[in-house]
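# Observations on chain architecture
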Amino acid sequence: MRTIAQISDLHFGRHDPVIAEALLASLGAERPDLVVISGDFTQRARSREFMAARAFLGRMTPPKIVVPGNHDVPLYNLFSRLFTPFRNFDRFVRPAGLPGAFFADDSVAVLGINSARRLTRKNGRVSGEQMDEIRRAFRPLPPSIFKILVTHHPLAAPRDGLRLQLAGRAREAVDVASECHIHLLLSGHHHRSLDGIIAEPVRNGDVLIVYAGTAISTRTRGAEGNSFNLIRLEGNRVEIRVMGWQPKRGYVEVRTSSYVLEEGSWRSAPTW
Ligand SMILES: [Fe+2]
Ligand SMILES: [Fe+2]
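Reading the values: the criteria
Residues numbered from 1 in each chain as written. Chains lettered and ligands numbered in written order. Predicted model: local features only at pLDDT ≥ 70, side-chain atom pairs only at ≥ 80, totals over all residues. Heavy atoms only, no water. Helix = DSSP H or I, 4+ residues; strand = E, 2+ residues; numbered from the N terminus. Rg over C-alpha atoms; globule rule 2.2 N^0.38 Å. Buried < 20%, exposed > 50% of the residue type's maximum accessible area, 1.4 Å probe, protein only. Pairing = 2+ DSSP bridges. Axes fitted to C-alpha atoms, helices over the stretch in contact; angles between N-to-C directions. Contact = heavy atoms within 4.5 Å. Donors = N, O, S within 2.8 Å, 3.2 Å for Na, K, Ca; no water. Tetrahedral: all angles 85-135°; square planar, octahedral: opposite > 155°, others 65-115°. Right-handed = clockwise from strand over helix to strand, strands pointing away. Salt bridge = Lys/Arg side-chain N within 4 Å of Asp/Glu carboxyl O.

With that settled, the discussion passes to the overall build of the protein. Counting its secondary structure elements, the protein contains 6 helices and 13 strands. Over its C-alpha trace the protein gives a radius of gyration of 17 Å, about what one expects of a compact globule, namely 19 Å for 272 residues. By its C-alpha atoms, the protein is 50 × 45 × 35 Å across when sized along the principal axes. Looking at the protein as a whole, 57% of its 272 residues are labelled buried.

Below, the structure written as structure tokens:
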């Protein structure tokens, strides 16, 4: 059994320090095997925001996969945006994560890909080179390994889910994910927590999608508050516990969904 905590869209610079402490307390209690942080560490990619993010990551003991988001690219400093878009991310945050943004043990493999781009303000993209990186990471792995791909920008929408803006070349990336028998796509960006089975047909069975909300920022959307996901993997089953922030209680479980993989198809299942 493995437990992965997915946290996203921290937005240091627009974060709530009380919720940040509650998140650390919850992670300390849940003791995940891995923490995935799916981008937007800062609000405006300023050095002091990255330094705060780095100090925060330093207080989490599990290994970490980190990928940047669109907010981690400088917006107003055009020179930095064009020529050194990921300098602060590379300096402060990347070293806190696993090399190559890749984790693998005898039951799970997780790869993070940078979908943020210097020339687009909000939208993301997956390049041909990154498609090859995905193939190199996952193709050699046996079917028994649970395979997870992480991007900041969503690559697909779940059935009956919200219609959301997806990363550029998302359809092609999903084809590569299917070709590599990837089980699960993790992303953030929209500040809404959501999970489900992929809407589009894919060649090699279904793919699950899990989006995370914003863990500690004040940039919550609509009625949705701050949240993060605890993803439990066991055999052919996945359980997603959405942990929501509540002012007097801290982080508590607010929703749980469960899926089982049978003959290449995911279906909803009763929670464990
Ligand atoms: Fe964000
Ligand atoms: Fe974003």
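Time to look at the sheet that holds strand E3 (residues 64–67). Pairing is mixed across the open sheet formed by 7 strands, whose spatial order is E3-E2-E1-E10-E11-E12-E13. Only two strands of the sheet have a single neighbouring strand rather than two, namely E3 and strand E13 (265–268). Averaged over neighbouring strand pairs, the angle between their axes works out to 25 degrees when direction is ignored. The sheet contacts of helix H1 (residues 17–30) involve strand E1 (2–7), strand E10 (227–234), strand E11 (237–246) and strand E12 (250–262), and relative to E11 the element is tilted by about 145 degrees.

What follows deals with the coordination of the iron ion (ligand 1). Coordination sphere of the iron ion (ligand 1), protein contribution only: Asp9 (OD), His11 (NE2), Asp40 (OD) and His191 (NE2), at 2.0 to 2.2 Å. Motif for the iron ion (ligand 1), donor spacing along one chain: D-x1-H-x28-D-x150-H. Here the iron ion (ligand 1) and the iron ion (ligand 2) are spaced 3.5 Å apart, linked through Asp40, which binds each one. Taken together, the residues span a long stretch of sequence, with His11 in the loop between E1 and H1 and Asp40 in the loop between strand E2 (34–38) and helix H2 (47–57) at a distance of 29 residues. Accessibility assignment for this pair places His11 and Asp40 in one class, buried.

Before going further, it helps to spend a moment on the coordination of the iron ion (ligand 2). Protein-derived ligands of the iron ion (ligand 2) are Asp40 (OD), Asn70 (OD1), His152 (NE2) and His189 (ND1), with the metal-ligand distances lying across 2.1 to 2.3 Å. Taken together, the 4 donor atoms surrounding the iron ion (ligand 2) define angles of 88 to 159 degrees at the centre, an arrangement classified as irregular. Sequence spacing of the donor residues for the iron ion (ligand 2), all on one chain, is D-x29-N-x81-H-x36-H. Look at Asp40 and you get buried, because its relative accessible area is 1%. Overall, the relative accessible area of 10% leaves His189 in the buried class.

This brings us to the pairing of E3. Of the two faces of E3, the one holding Lys64 and Val66 and the one holding Ile65 and Val67 are both buried throughout. The pairing of E2 with E3 spans 4 bridges and is parallel. Its bridge partner lying in E3, Val36 is registered against Ile65. Where the polypeptide runs from E2 across H2 and back to E3, its parallel neighbour, the crossover connection is right-handed.

It is worth spelling out the pattern of salt bridges at this point. Close approach of charged atoms allows side chains with opposite charge to pair. Following the criterion strictly, the structure yields 16 salt bridges and no others. For the salt bridge of Glu179 with Arg139, the shortest nitrogen-to-oxygen distance reads 2.6 Å. Separated by 40 residues along the polypeptide, Glu179 in helix H6 (residues 170–179) and Arg139 in the loop between helix H5 (128–138) and strand E6 (146–150) bring together distant segments of the chain. Accessibility expressed as a relative area gives 21% for Glu179, which makes it partly exposed. Residue Arg139 is classed as exposed on the basis of its relative accessible area of 53%. Note that Glu253 and Arg241 form a salt bridge whose closest N and O atoms lie 2.9 Å from each other. Taken as a pair, Glu253 in strand E12 and Arg241 in strand E11 lie far apart in primary sequence, 12 residues in all.

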